[in-house]
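Spelled out, the chains give:
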Amino acid sequence: GRASPPLAALSQVLRLERSRRTAIVFPLQKLERYLAPGTDTAPFRLFQPGLAALQRAEALFRSDPGHSIDYVSSAVRMDHAPPPALPEVCFIGRSNVGKSSLIRALFSLAPEVEVRVSKTPGHTKKMNFFKVGKYFTLVDMPGYGYRAPQDFVEMVEAYLQERRNLKRTFLLVDGVVGLQKTDHIAVEMLEEFGIPYVMVLTKIDRASRGLLLKNVLEIQEFVKENTQGCFPQLFLVSSVEFSGVHLLRCFVAHVTGNLPTVEAS
Ligand code: GDP
């Protein structure tokens, strides 16, 4: 198989010096010290697992002869979806938000897993199902464009409303440009359906610290004021530098019930 990229594994991250290590494992926490005094820091540290939990989560994302991670199937309609046998998470977001890159980063310790992209305009958009051993399934939903409401109707809406084993939806938002109109439409839909979701800010390596902090604070405020179903802590990721990827693996393991106790770091 192909070699996994540097920093894909925690063992590689642990060799870095402390400050760099924190930036990779806890990118949101890294921003905390630049906050104005008096800022509420609670949303920065709701989910803050220790090393042991991060390592147990990583084991789920690492394939070995007794634990296979496979692309199972794609579906264009709900009745083509695999049976809802395992706890499930799904990833949604605008086209180009970095969704395939992030899923590839999450699965980088299982290099045999192929994360397909179908970007050709007019090409049928599909939901892609990945099975992580006997533990959970992860669904890559089609990216939506400027036609967000129409794009949703056929399958994304049906999926989100009907999928009984769906434990959490990960809504990807571009960390450089922040919330866009189509992201607001996605939020409204998730709120209307009353399902639990979490926002993931992508491409953070491309945003300056100031811009990132501004986007984080704005989105946190938006989440606090306008949402019920959104987890108050944002997840920051870079699929290039692997920041936030280990923490996100841990959160996925946790919400799918595979890591019941997550002791604080
Ligand atoms: P998708 O349409 O949501 O699946 O987006 P892709 O994963 O294909 O990413 C869209 C573009 O953003 C590609 O050119 C990627 O190389 C780039 N990209 C994705 N993630 C990152 C990231 O974390 N950092 C940087 N710098 N670029 C990224």
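Rules used in this analysis
- Residues numbered from 1 in each chain as written.
- Predicted model: local features only at pLDDT ≥ 70, side-chain atom pairs only at ≥ 80, totals over all residues.
- Heavy atoms only, no water.
- UniProt positions renumbered as here; feature names shortened; annotations may be inferred.
- Phe/Tyr/Trp six-rings, centres within 6.5 Å; stacked < 30°, edge-to-face > 60°.
- Helix = DSSP H or I, 4+ residues; strand = E, 2+ residues; numbered from the N terminus.
- Buried < 20%, exposed > 50% of the residue type's maximum accessible area, 1.4 Å probe, protein only.
- Salt bridge = Lys/Arg side-chain N within 4 Å of Asp/Glu carboxyl O.

By the naming in an unreviewed UniProt entry, the protein chain is GTP-binding protein 8, taken from Setophaga kirtlandii. Per UniProt, the comment on the protein chain under Sequence similarities (unreviewed entry) is "Belongs to the TRAFAC class TrmE-Era-EngA-EngB-Septin-like GTPase superfamily. EngB GTPase family." UniProt, in its Cofactor (unreviewed entry) section for the protein chain, records the words "Mg(2+)".

Student: I'd like a rundown of the packing of aromatic side chains, residues and numbers included.
Tutor: Using the criterion set out here, one finds eleven aromatic pairs in the structure. Judged by centre distance (5.6 Å) and plane angle (55 degrees), the rings of F61 and F136 are tilted. In this pair, F61 is assigned in the loop between α4 (51-60) and β1 (69-75) and F136 in strand β4 (residues 136-140), connecting sequence segments 75 residues apart. Of the two residues, F61 and F136, both sit in the buried class. Between F231 and F251, the ring centres sit 5.2 Å apart and the planes meet at 35 degrees, which makes this aromatic pair tilted. Here F251 lies in helix α9 (residues 245-255) and F231 lies in the loop between α8 (209-226) and β7 (235-236), a separation of 20 residues in the sequence.

Student: Give me the lowdown on unusual backbone geometry, citing residues and values where you can.
Tutor: Positive phi outside glycine occurs at L7, with the angle close to 70 degrees. Turning to its location among the elements, L7 is positioned in the segment before α1 (10-13). What makes L7 buried here is its relative accessible area of 15%. Of note, K203 is a non-glycine position whose phi angle comes to about 55 degrees, a positive value. Mapped onto the elements, K203 comes out in the loop between β6 (197-202) and α8.

Student: Describe the pattern of salt bridges, listing the residues and the values that go with them.
Tutor: Going through the model one piece at a time under the given rule, you end up with nine salt bridges. Where E58 meets R249, a salt bridge forms, and the shortest distance between an N and an O atom there is 4.0 Å. Placement of the pair is E58 in helix α4 and R249 in helix α9, with a sequence separation of 191 residues. For the residue pair E58 and R249, the accessibility class agrees, reading buried in each case. Among the ionic pairs, R163 bridges to E88, the shortest N-O distance being 2.7 Å.

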